[in-house]
Amino acid sequence: MLEIIHNDHRNINQLLRILRKKINLLENDEEIDYRLIKVIISYLRNYSDKYHHPMEDLIYAHYLKYRVVPDEVANRLSREHKLIKGATVELDELVEMVLLDAIVPKELCIEKLTNFVEMQAVHLMYEESQILPAIRASLSADDWVNLQQQWQHNHYDDPLFGDNIGEEYKALAERINQG
Ligand SMILES: [Fe+2]
Ligand SMILES: [Fe+2]
């Protein structure tokens with residue numbers, strides 16, 4: 001399961017890199033394709049928020065219950081998952097407005113996108129540098145068997161980074177391959 005989480009993080013990082021490039025373009029007054037941003041957000045809503053974070057929540061809950069972990073760690077993890085989910089919905093709505101030709105100041109888009117990318121990146125770094133190593137060191141093989149049994153979504157195909165790329169993700173997958 002930890003491998004899946006690491007892999008998801010690598011994938012999310014690639015998406016954040018594309019978003020950063022879009023922010024740079026916006027800052028340089030260049031046109032960007034908001035549809036691609038919409039697809040990235042839709043992936044994050046449909047995959048990260050539905051599978052990645054729930055898998056982490058399951059592992060973290062187990063870890064917090066059976067190991068001695070400072071309260072601030074528990075609070076920070078659940079708070080950040082909630083914040084990220086909310087920010088993703090909010091950003092999705094903003095991009096939707098842009099796509100519907102509503103007048104949205106460019107500065108607002110830059111600000112919201114930047115905050116979103118930063119929030120995701122900081123969270124990801126925190127997990128990769130502190131939480132996951134601690135979990136790897138402290139959970140036993142039995143813990144992992146137990147967690148695997150509790151995980152309900154075993155056969156989910158990733159529509160963007162998996163073997164079968166969904167129709168709506170094809171353009172984004174190509175964009176990712178371009179580096
Ligand atoms: Fe997370
Ligand atoms: Fe994560």
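Residues numbered from 1 in each chain as written. Chains lettered and ligands numbered in written order. Predicted model: local features only at pLDDT ≥ 70, side-chain atom pairs only at ≥ 80, totals over all residues.

For the protein, an unreviewed UniProt entry supplies the name Hemerythrin and the organism Psychromonas marina.

The helix and strand tally for the protein stands at 6 helices and 0 strands. Here the C-alpha radius of gyration of the protein, 18 Å, is about what a compact globule of 179 residues would show, namely 16 Å. Taken along the three principal axes of its C-alpha coordinates, the protein extends 55 × 35 × 25 Å. Each of the 179 residues in the protein was classed as buried or not, and the buried ones make up 19%. Of the contacts formed within the protein by residues at least 6 apart in sequence, a portion of 78% connects residues at least 24 apart. (Helix = DSSP H or I, 4+ residues; strand = E, 2+ residues; numbered from the N terminus. Rg over C-alpha atoms; globule rule 2.2 N^0.38 Å. Buried ≥ 20, exposed ≤ 12 C-beta atoms within 10 Å, placed from the backbone. Contact = placed C-beta atoms within 7 Å.)

Following the UniProt record, the feature "domain: Hemerythrin-like" (unreviewed entry) maps to residues 2-135 here. Along residues 2-135 the backbone is 88% helical and 0% strand, and the end-to-end C-alpha distance reaches 9 Å. (UniProt positions renumbered as here; feature names shortened; annotations may be inferred.)

In terms of nonpolar packing, the biggest core is built from 19 residues, with Ile40, Ile41 and Tyr43 touching the most fellow members. Here this core takes 7 residues from helix 2 (residues 34-66), the largest share from any one element. In contact with Tyr43, other than residues within four places in its own chain, are Leu160 and Tyr169. Core analysis: the second largest hydrophobic core is formed by 7 residues, Tyr60, Tyr63, Leu77 and Ile131 among them. (Core = buried A, V, L, I, M, F, W, Y, C linked by C-beta atoms within 7 Å.)

Before going further, it helps to examine the packing of helix 2 against helix 6 (residues 170-177). Running from N to C, helix 2 and helix 6 cross one another at 100 degrees; their axes reach a closest spacing of 10 Å. By the angle between their axes, helix 2 is roughly perpendicular relative to helix 6. Along its contact with helix 2, which presents Leu36, Val39 and Ile40, the element helix 6 presents Ala171, Leu172 and Arg175. Residues belonging to the contact of helix 2 with helix 6 are distributed by class as follows: 5 nonpolar, no polar and 1 charged. (Axes fitted to C-alpha atoms, helices over the stretch in contact; angles between N-to-C directions. Parallel < 35°, antiparallel > 145°, perpendicular 65-115°, else oblique. Nonpolar A, V, L, I, M, F, W, Y, C, P; charged D, E, K, R; others polar.)

With that settled, consider helix 3 (residues 71-99). Spanning 29 residues, helix 3 covers 42 Å between terminal C-alpha atoms, matching the ideal 42 Å at 1.5 Å per step. Among all positions of helix 3, only Leu77, Leu91, Leu94 and Val95 are buried. For helix 3, the elements touching its buried residues are helix 2 and helix 4 (106-138). Once helix 3 ends, the next one or two residues include Asp101, with phi positive near 70 degrees. (Expected span 1.5 Å × (residues − 1).)

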